[in-house]
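Take a look at the letters that make up each chain.
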Amino acid sequence: VSPSSLDAFCAAKLAQLDAAKLRRRLVVSDRRDGLWIERDGRKLLSFSCNDYLNLSHDPRVKAAAAAAVERYGAGAAGSRLITGNHPLLEALEAKLAAFKGAEAACVFGSGYLANAGITPSLVGAGDIVFIDELAHSCLWAGAQLSKAQIVPFPHNDMDALEQLLRAKRGAARHALALTDGVFSMDGDLAPLPDLARLCADYDAWLMADDAHGLGVVGGGRGSARAFTTAPRIDLQMGTLSKAAGSYGGYVCTTRNVADFLVTRARTHVYSTGLPPASAAAALAALEIMEAEPERSERAIANAQRFARGIASAEAHSAIVPVLFGTTERALAAQAILEREGFLVVAIRPPTVPDGTARLRFAFTSAHPAEEIDRAAEIVRRLL
Ligand SMILES: Cc1ncc(COP(=O)(O)O)c(C=O)c1O
């Protein structure tokens, strides 16, 4: 492909996206604290950050990151199996495993890298992956990289999953079920105890992506702790980039599984170790989560306050979706809220299914009640 035909190809694609109002653009977002953001010279109250506990700007978290840079440098300088396994990573893995009640943890460069690496290391041709249709894009990416047969199941529909397991499990060597713990664009929880029971009945391994659960649900320990009976989840995956206010991905599992991923997951083996600052910040954040569980309660209470304000279904996480259907309506709603001083970025297909464009409100422990009520009042008028 010559450079000029490549350029023409992208220009044509961009024009198509523009026409469908699906082109996305970067906007410089200057986050002043865990709550307020400056965009185009305007200060806006953000309902779009995943900084659920406002820890990205917590002085203790920032001080830990700064101290780690001083002591260990700005980068890990190698993959973990070569020279990038700095002492903070081992400390972080021990902390994560203890926090999640697991035997061991394995830290990756990001949540996306974790999901892109874990599934292909565990299943391949001759195996089968059952995946919730609304699971996060990077769970899908891992499944697609694995070469296993991919069988989507209707969102949270355990009867449908059981039928699929009954029909298809037998022919495959190994089976892996993939779901979000807290669904990123809807805020609802997977029925993990039922899912875990089904997986046990049909000898399918279970991985739950708790990117939006850690620090928020289950008293901050994640979606596996959000139920009266604790489900057995083989792989409790998550990210350090949301409630932990830092960056990096992880999976909590058994010692043998973690050791196997260390030596076989391509995104672990062939990618540079997480920078010391990110590891130190995450460690400090986990300590705060443990010591101050009221932060998680406030984040969920704020989401529930808003959900009541717009007469929507009860919130079980810090995420409340407001569906507008068309991309145009969602973008118009974003613009109206922005004029009122709120930042709520419209979520459009393909991130969400066609016809379900939405504003995704993400609440934190620090959103002021009167601003939540004002935002709810505006949204109610738009519905
Ligand atoms: C459910 C889910 N899983 C994984 C990720 C990826 O995590 P990371 O941002 O650490 O790559 C995200 C979002 O970023 C997510 O929402």
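Before going into details, it helps to say that this report is about the structure given with it. Please read all numbers here as calculations on a predicted model, not as lab measurements. (Residues numbered from 1 in each chain as written. Predicted model: local features only at pLDDT ≥ 70, side-chain atom pairs only at ≥ 80, totals over all residues. Heavy atoms only, no water.)

1. Considerations on the pairing of strand β8 (residues 205–209)
A regular strand places its side chains on the two faces of the sheet in alternate fashion.
Okay, step 1: For β8, the tally of buried residues reaches four of five residues, placing the bulk of the element in the interior.
Okay, step 2: Bridge analysis of strand β7 (residues 175–180) against β8 gives five bridges, and the strand direction is parallel. Within β8, the residue paired with Leu 178 across the bridge is Met 207.
Okay, step 3: Of the crossover connections in this fold, the one passing from β7 over helix α8 (residues 192–201) to the parallel β8 is right-handed.
Okay, step 4: Bridge count for β8 against strand β9 (residues 235–239) is three bridges, and the pairing is parallel. Counterpart to Asp 209 in the pairing with β9 is Met 237. (Buried < 20%, exposed > 50% of the residue type's maximum accessible area, 1.4 Å probe, protein only. Helix = DSSP H or I, 4+ residues; strand = E, 2+ residues; numbered from the N terminus. Pairing = 2+ DSSP bridges. Right-handed = clockwise from strand over helix to strand, strands pointing away.)

2. Details of the packing of helix α5 (residues 111–122) against helix α6 (residues 137–146)
Okay, step 1: Where α5 meets α6, the closest approach of the two axes is 7 Å, and the angle between their N-to-C directions is 30°. Considered as vectors, α5 and α6 are oriented roughly parallel to each other. Handedness of the crossing formed by α5 with α6: right-handed. In this structure, α5 uses Gly 111, Tyr 112, Asn 115, Ala 116, Thr 119 and Pro 120 to contact α6, whose residues at the interface are Cys 138, Leu 139, Ala 141, Gly 142, Ala 143, Leu 145 and Ser 146. (Axes fitted to C-alpha atoms, helices over the stretch in contact; angles between N-to-C directions. Parallel < 35°, antiparallel > 145°, perpendicular 65-115°, else oblique. Left-handed = near helix turned anticlockwise from the far one by under 90°. Contact = heavy atoms within 4.5 Å.)

3. Brief notes about the sheet that holds strand β13 (residues 346–347)
Okay, step 1: If you trace the three strands from one edge of the open sheet to the other, you get β11-β14-β13, paired in antiparallel fashion. What marks the edges here is a single partner per strand, and that holds for β11 (319–325) and β13.
Okay, step 2: In terms of strand pairing, β11 meets strand β14 (residues 357–362) through six bridges, oriented antiparallel. Residue pairing in the sheet places Val 320 in a bridge with Phe 361 of β14.
Okay, step 3: Packing against the sheet, helix α13 (residues 327–339) makes contact with β11, β13 and β14, and its axis sits at approximately 40° to β14.

4. Examining the environment of Leu 17
Okay, step 1: If you trace the backbone, Leu 17 turns up in helix α1 (residues 3–19).
Okay, step 2: With a relative accessible area of 36%, Leu 17 lands in the partly exposed category.
Okay, step 3: When sequence neighbours within four positions are dropped, the list of residues in contact with Leu 17 reads Leu 22 and Arg 23.

5. Focus: the site of the ligand
Okay, step 1: Contacts to the ligand come from 13 residues, most closely from Gly 111, Asp 209, His 212, Thr 239 and Lys 242.
Okay, step 2: Tyr 112 is positioned such that a nitrogen or oxygen atom in its backbone is 2.9 Å from an oxygen atom of the ligand.
Okay, step 3: In this structure, an oxygen atom belonging to the ligand sits 2.8 Å away from a side-chain N or O atom of Lys 242.
Okay, step 4: Notes on the ligand: free accessible area 380 Å², of which the protein chains cover 86%. (Near = heavy atom within 4 Å. Polar contact = N/O pair within 3.5 Å; in protein donor to acceptor, adjacent residues only side chain to side chain. Areas by Shrake-Rupley, 256 points an atom, 1.4 Å probe, with all protein chains shown as cover.)

6. Let's talk about the side chain of Thr 327
Okay, step 1: Along the polypeptide, Thr 327 turns up in helix α13.
Okay, step 2: What makes Thr 327 buried here is its relative accessible area of 9%.
Okay, step 3: In this structure Thr 327 touches Ala 20, Lys 21, Leu 22, Arg 348, Pro 349 and Ala 357, once residues within four positions along its chain are discounted.

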